[in-house]
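# Residue-level structural notes
Listed below, chain by chain, are the residues.
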Amino acid sequence: MTIDLPLNASDSQGSLGPDDEVVPYSDDETDDELESLEDEGPPGSGWSVKANDRRFCKLPEFQKKYFLCLKKSKYSGNAIKTYKYNALTFLPLNLFEQFKRAANLYFLALLILQIIPQITTLPWYTTLVPLVLVLGITAIKDLVDDLARHRMDNEINNRKCEVLLNGSFLESKWMNIEVGDVVRLNKNDHIPADILLLSSSNPNSLCYVETAELDGETNLKFKMGLKETDERLQEESQLAQFDAMIVCEEPNNRLDKFTGTMHWRRDRFPLNLDNMILRGCRVRNTDVCHGLVIFAGADTKIMRNGGKTRFKRTKIDELMNYMVYTIFVMLVLLCAGLAIGNSFWYAEIGSKAWYLYDGLNQSASYRGFLSFWGYIIVLNTMVPISLYVSVEVIRLGQSKFINWDLQMYYREKDTPAKARTTTLNEQLGQIEYIFSDKTGTLTQNIMAFKKCTIAGQTFGDPTTSDGVTLDRGRPVDFSWNKYADRKFEYQDHSLVACIRSGKNKEALEFFKLLSLCHTVMVEQNENDELVYQAASPDEGALVTAARNFGFVFLSRTQDTITVSELDQKNTYEMLALLDFNSDRKRMSIILRFPDGRIRLYCKGADTVIYERLSPNSRYKEVTQTALDIFANETLRTLCLCYKDISKEEYDSWAAKHKAASVSTGNREAALDQVYEQIENNLMMIGATAIEDKLQDGVPETIAKLAKADIKIWVLTGDKKETAENIGFSCHLLDDDMQIHYGEDVNEKLRIRQTARREQPPAFGRIRKKVPDPFFEQSGRNALIITGGWLKKKKRRRLRLKRLGRRPASSVPQDATQPIDDWEKEMRQVDFVNMACECEAVICCRVTPKQKANVVSLVKKYKDAVTLSIGDGANDVNMIKTADIGVGISGQEGMQAVMSSDYAFAQFRYLERLLLVHGRWSYIRMCKFLRYFFFKNFAFTLVHFWYSFFSGFSAQIAYEDWFITLYNVMYTSLPVLLVGLLDQDVNDKLSQKFPKLYLPGQQGALFNYKNFFISLFHGIFTSLVIFFIPYGAFLQTMGQDGEAPSDYQSLAVVMASSLILTVNLQISLETSYWTFVNCFAVLCSIAIFFGIMFDIHSAGIHVIFPSTFTFTGVASNTLRQPYLWLTIILTVGISLLPVICIEFLSKTIWPSVGDKVQRHRKKYEMEEEEKKKPAPFQRGRASRRSAYAFSHSRGYADLIASGRSIRRRPNVAHPNPRDTLREVPQADNI
């Protein structure tokens, strides 16, 4: 992500002042996409759609190759496919994927070797049984996951929609819809594809849609069909004869852009995004609408934004693979050494011993070659196949614990937490960076009117009607107002008393302004209720507040607006509406009062309002003080003012306004200039303070995660002011932080780049392992940048290429620009290093692709484990790119959840997911792997020591059935339960002490150091287990005269010692004892002895004489007391060093977890220190204005055109008994 060199005047500000209103799309295309755009010519020339003509899309010119010479239409069908397998491909594809895992392939090769008689030393079933078990369990798990995807796809593909076929509308499944079809949608229907709106039941083809699944915003958006199609395409017969040709841009992922042209009846009509309804939206407050399918299925914008599904693996998985390769190399070296030993032994001893002659005249080197493959089979358990089965079982169990956690269950929405994958649980304990969306993830996207200042007096704290301040307030009773919204809560009774008395003229003017100066639209629903629709939630909150205080917005026409002022209805003539945009940061309305007066009402950000106040304006200082107090409470502020205008002044201004409105040049700039002429000499009334409601527990969660050394970045499509305000609200930012913006960042990057260029070439191109810090001064830093700052140079390169020019190869005109690819990469590294030095990073006005790119940069250059959390379709790419993706399931739709690895309903559950489940999963998995490697080294290397006494003949040291059942039955259950249930401290202490999370981030519990410790531990244990019984058996005689010094008795003693040692070792490793753990250890030992006595019995030998050859060995051996002493001595010597080291480490070098566990009772009694509120500091530059927070322009253009006004006479005269309500959420519509 390099910094762009501006190409035109509009970009000339560069990073110093990116246009926050315009979302940049320069990084939405890859290099390949840009080249394809160049080949295709201008955008819009490559995608043609013929209405009501399915055969058109199947013409030869629209066919493309997809396999060898086979062709298919370039137009996608509307069916979506997220599953991986079908009935025919499941078995071959799944086996192919599983055999891509090195260990599985290794065991398949081993099985083939065991079938060859010349080299086999173990029966083939010792490998086949575990291999089939591994492949079967993994295949079943994959099948279950894929069946869930099949069900999800079928549910969506089989949704119903009305499609125009053969002249009439017929019900059809979504998957049968094709490009060019005309569809009919009813109220509350989901949109099946990207469609061009043709007409609707509303006047002028207006259609309201909810875009929550696309962008997480719950306020309604409006879409408009063309006037020509709306007038001529209302009836079914008219729609059946519709034969227009649409030529538009190719399918792409740009959610906020569409360009095309409709050719119909020898005329051409321009099309833009306002005419399109995208898949993922939902029709609201519109009875019926008709549309033409432009993009279907995989071509729709929501699917294009999904990004590629990436196969995610944990760091432990990768480490485990490398360790398996290491073990395999060790195995080959050991086998090679033993094979050489066999060749040497045979040449020196074996060939000269007549009693060892086997009738095969083979050379010593050939026998060594066969011995090599024989030892590969004997020592194969160094690479344990049961490891992978056990890992899958543990992960499945940990996923179930997440699903069953009642503390992550959201009762209000009946939404439990859901682990949608079973392969990433331990990675949750290693997160270093969290990338979070804002709207719907950190916030509820609900605005609440909290406080206000009117004529220097502040309202909003709990008070009585007499103005006495209370410690605990009670909500105001608005029953006196028949229009009041019952959901509205306010605790300052003095403001209501002030308004109802009518004595405070400024308070009346304040709420009159709020009820008149807005672009909210009102409509009537089926229950004759009036419904407010606002362009942004905060504007809706202000109009709702005015309504509750007695100033009720009732209706509007193209040039009038009607309000009820304390039960008195008044209609005002609207002379002009000066709408909001991101540059103006304010809006105004000019009204003619019933008595003929002309007045301008204005509301906007304090930074622009104070510049335009009259010198005679009162309340400036007191209002500024109140604004500072509101800002310190992280409320979103807005200044209100007015201006009386004479008729002459207005007439003169109106003429200029009309001229600017019809100018053919830069119309917006001309209008802004005219607006400036009237918006001056304003008189201050007061200011409002709105709370953007955070989800419950967000500040506390962020604080806890920060203590765990997890850095949180907020990536949002909202404006800079919005994002910064929420940063303060959720305590991600505070006034003690030094905040750096794009200008500061550019300067620091320029200095670093210049210094690098000045270094000698030999040193300048060496990347330092530890980079120099960017922030030399002490203190805490935060970074706030915009999407415009993150633009790439791809678009610039494409434009220059089209113009036939090449970028200069020497130093660019702007010395801040990188010269070559190496400098570009170093620029990215510098940016990531700078951002990672900050405690908080906020990227605003970023596109879905930019969100994913930011995540990719941190993964690439920091090699850090990342987590992305979001709630809308615009977060899907980010969720898929991060190592862990979390979806917030709620009112914003299921698009993010469907692409996520974990899902829950509230952001605060992230704390428990990481600090409890993630940490426990990581600790359990690490402990499991360390122990598993140890027990297999201890088991396998006994063969190695035995080979020195068996002529390196690849003879096994144990009975073959013991080898088969060792990992399956004798040692599997205790370690599985440790992997599932173990915990060093309980969940409450895990959350109370976030520092316990640090070992996971550092990878301290499982790495190559731990691996080699397990290896040397296994070597030591195998030495003890072989040589102590060997020494005990040497030159001994039993009490009854029998000689128990045979090979089979030695095998039984070694096996018994090994089973007792490894089961007692896991007992020492267990931190959290339950009845199940105790039972598993004892049961494993009992099963070993029980099975051993059974397969050593005479009865089973009679039935299978060649398979069970250790007849009577166990009973004969284990009745010798001195052999039991040998077993006890062996086990004791094996475990004594472990006990001593464990005691010393916990006493002298205790970990954080050891300390917490030692003082657990004391910590449980302590209360956490309460956080003191930050003292107010006057004059801090932390005031954040709310009016710059609208997500888009208002409805002023619609209001002025009259197109949005519903032709229902009873709307203007509502029944007094009707209630008004705002609709911020889908559920209320």
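Just so it is clear, the model here is predicted, and its values are computed rather than measured. (Residues numbered from 1 in each chain as written. Predicted model: local features only at pLDDT ≥ 70, side-chain atom pairs only at ≥ 80, totals over all residues. Heavy atoms only, no water.)

## A look at the confidence of the model for the protein chain
Mean pLDDT over the protein chain works out to 81, with 84% of the residues at or above the 70 mark. Of all helices and strands in the protein chain, the one with the weakest mean pLDDT is strand 36 (residues 1220-1222) (38), whereas helix 28 (residues 909-947) scores best (94). Contacts for the low-pLDDT stretch residues 1-45, under 50 throughout, to residues beyond four places or in other chains number 100 contacts. Here residues 1207-1229 scores under 50 on pLDDT; set against residues more than four positions off or in separate chains, the count is 61 contacts. (pLDDT = per-residue confidence, 0-100. Helix = DSSP H or I, 4+ residues; strand = E, 2+ residues; numbered from the N terminus. Contact = heavy atoms within 4.5 Å.)

## What about unusual backbone geometry?
Phi angles above zero are rare outside glycine, and Ala455 is one such case at about 50°. By the element assignment, Ala455 lies in the loop between strand 18 (443-454) and strand 19 (457-459). We classify Ala455 as partly exposed; its relative accessible area is 21%. (Buried < 20%, exposed > 50% of the residue type's maximum accessible area, 1.4 Å probe, protein only.)

## Thoughts on a nonpolar patch on the surface
Together, Tyr322, Tyr325, Tyr1008, Phe1012 and Phe1016 make up an exposed nonpolar region whose accessible area comes to about 540 Å². Where the nonpolar patch is concerned, the elements lending two or more residues are helix 9 (315-348) and helix 33 (1008-1033). Sort the elements by how many residues they give to the nonpolar patch and helix 33 lands first, with 3 residues. Mapped onto the elements, Tyr1008 comes out in helix 33. The exposure class assigned to Tyr1008 is partly exposed, which follows from its relative accessible area of 30%. (Patch = residues over 30% accessible without salt bridge, like charges linked within 9 Å, V, L, I, M, F, W, Y side chains within 5 Å. Areas by Shrake-Rupley, 256 points an atom, 1.4 Å probe, with all protein chains shown as cover. Salt bridge = Lys/Arg side-chain N within 4 Å of Asp/Glu carboxyl O.)

## Some remarks on the environment of Lys50
In this structure, Lys50 sits in strand 1 (residues 47-50). Residue class for Lys50 comes out partly exposed when judged on its relative accessible area of 23%. Here Lys50 is in contact with Phe56, Gly180, Asp243, Ala244 and Met245, once residues within four sequence places are set aside.

## Structural notes on the pattern of salt bridges
Once their charged atoms are close, side chains differing in charge can pair, the charge on each being opposite to the other. Within this structure, the stated rule accounts for 45 salt bridges. Across the pair Arg597 and Asp595 runs a salt bridge whose closest N-O atoms are separated by 2.9 Å. Each of Arg584, Arg586, Glu611, Arg612, Glu676 and Glu679 takes part in a single network of salt bridges with overlapping partners.

## Description of the sheet that holds strand 8 (residues 206-210)
If you trace the 3 strands from one edge of the open sheet to the other, you get 9-8-14, paired in antiparallel fashion. The two strands at the open ends of the sheet, each matched to only one other strand, are strand 9 (221-224) and strand 14 (282-284). Direction aside, the axes of adjacent strands within the sheet are offset by 45° on average. Two strands pair when backbone bridges link them, and strand 8 and strand 9 are joined in this way by 4 bridges, in the antiparallel orientation. Pairing of Leu206 across the sheet is with Met224, part of strand 9. (Pairing = 2+ DSSP bridges. Axes fitted to C-alpha atoms, helices over the stretch in contact; angles between N-to-C directions.)

## Topic: the UniProt feature "active site" (unreviewed entry) in the protein chain
With numbering matched to this structure, UniProt assigns "active site" (unreviewed entry) to Asp437. Assignment of secondary structure puts Asp437 in the loop between strand 17 (433-436) and strand 18. Not counting residues within four places of it along the chain, the set of residues in contact with Asp437 comprises Leu442, Leu715, Thr716, Lys851, Ile869, Gly870, Asp871, Asp875 and Met878. In terms of polar contacts, Asp437 uses its side chain to reach the side chain of Lys851, at 3.4 Å. (UniProt positions renumbered as here; feature names shortened; annotations may be inferred. Polar contact = N/O pair within 3.5 Å; in protein donor to acceptor, adjacent residues only side chain to side chain.)

## Observations regarding the pairing of strand 7 (residues 194-200)
Extensive coverage of strand 7 is indicated by the burial of 7 of its 7 residues. Here 6 bridges tie strand 7 to strand 15 (residues 288-295), and the two strands are oriented antiparallel to one another. Counterpart to Ser199 in the pairing with strand 15 is His290.

## Some remarks on the packing of helix 28 against helix 30 (residues 972-981)
Close contact between helix 28 and helix 30 brings their axes to 7 Å; oriented N to C, the two are set at 160°. Between helix 28 and helix 30, the crossing angle belongs to the class labelled roughly antiparallel. The two elements helix 28 and helix 30 cross, and the hand of that crossing is right-handed. Only Val975, Val978, Gly979, Leu980 and Leu981 of helix 30 make contact with helix 28, whose side of the interface consists of Arg924, Lys927, Phe928, Tyr931 and Phe932. (Parallel < 35°, antiparallel > 145°, perpendicular 65-115°, else oblique. Left-handed = near helix turned anticlockwise from the far one by under 90°.)

## Structural notes on helix 24 (residues 821-837)
Helix length check: helix 24 (17 residues) gives 24 Å between terminal C-alpha atoms against 24 Å at 1.5 Å per residue, within 8%. Burial of helix 24 is extensive: 12 of the 17 residues sit out of reach of the surface. Considered for burial, the residues of helix 24 that qualify are Glu823, Met826, Arg827, Gln828, Val829, Asp830, Phe831, Val832, Asn833, Met834, Ala835 and Cys836. On its buried face, helix 24 sits against strand 17, strand 29 (711-715), helix 21 (742-758), strand 31 (781-786), strand 32 (840-844) and helix 25 (848-862). (Expected span 1.5 Å × (residues − 1).)

## A closer look at the nonpolar core
Judged by nonpolar contacts, the single largest core of 103 residues is most densely connected at Phe928, Leu929, Tyr958, Phe962 and Leu1058. Ranked by residues supplied to this core, first place goes to helix 28 with 17 residues. Apart from the residues within four sequence positions on either side, Leu1058 is in contact with Ala938, Phe939, Tyr958, Phe962, Tyr966 and Ile1025. By size, the runner-up hydrophobic cluster in this structure holds 55 residues, among which are Trp174, Val179, Phe242 and Ala244. (Core = buried A, V, L, I, M, F, W, Y, C linked by side-chain atoms within 4.5 Å.)

## Observations regarding helix 20 (residues 720-729)
Because the α-helix completes a turn every 3.6 residues, residues three or four places apart line up on one side. When you tally the buried positions in helix 20, you get 8 out of 10 residues, the bulk of the element. Thr722, Ala723, Glu724, Asn725, Ile726, Gly727, Phe728 and Ser729 are the residues of helix 20 that are buried. Note on helix 20: the residue one or two positions beyond its end, His731, has a positive phi of about 65°.

## Points about the pairing of strand 18
Extensive coverage of strand 18 is indicated by the burial of 10 of its 12 residues. Examined bridge by bridge, strand 18 and strand 28 (residues 683-694) share 8 bridges and lie antiparallel to one another. Considered in strand 28, the bridge of Cys452 is made with Thr688. Remark: 2 residues form the turn of the hairpin made by strand 18 and strand 19, two consecutive strands paired antiparallel; Ala455 in that turn has positive phi of roughly 50°.

## Considerations on the packing of helix 33 against helix 38 (residues 1121-1148)
Direction vectors running N to C along helix 33 and helix 38 enclose 155°, while the axes themselves pass 10 Å from each other. Put simply, helix 33 runs roughly antiparallel to helix 38. Note that helix 33 runs across helix 38; the crossing there is right-handed. Residues His1017, Phe1020, Thr1021, Val1024, Ile1025, Ile1028, Pro1029, Ala1032 and Phe1033 of helix 33 form the contact with helix 38, whose participating residues are Tyr1122, Leu1123, Thr1126, Leu1129, Thr1130, Ile1133, Ser1134, Pro1137 and Val1138.

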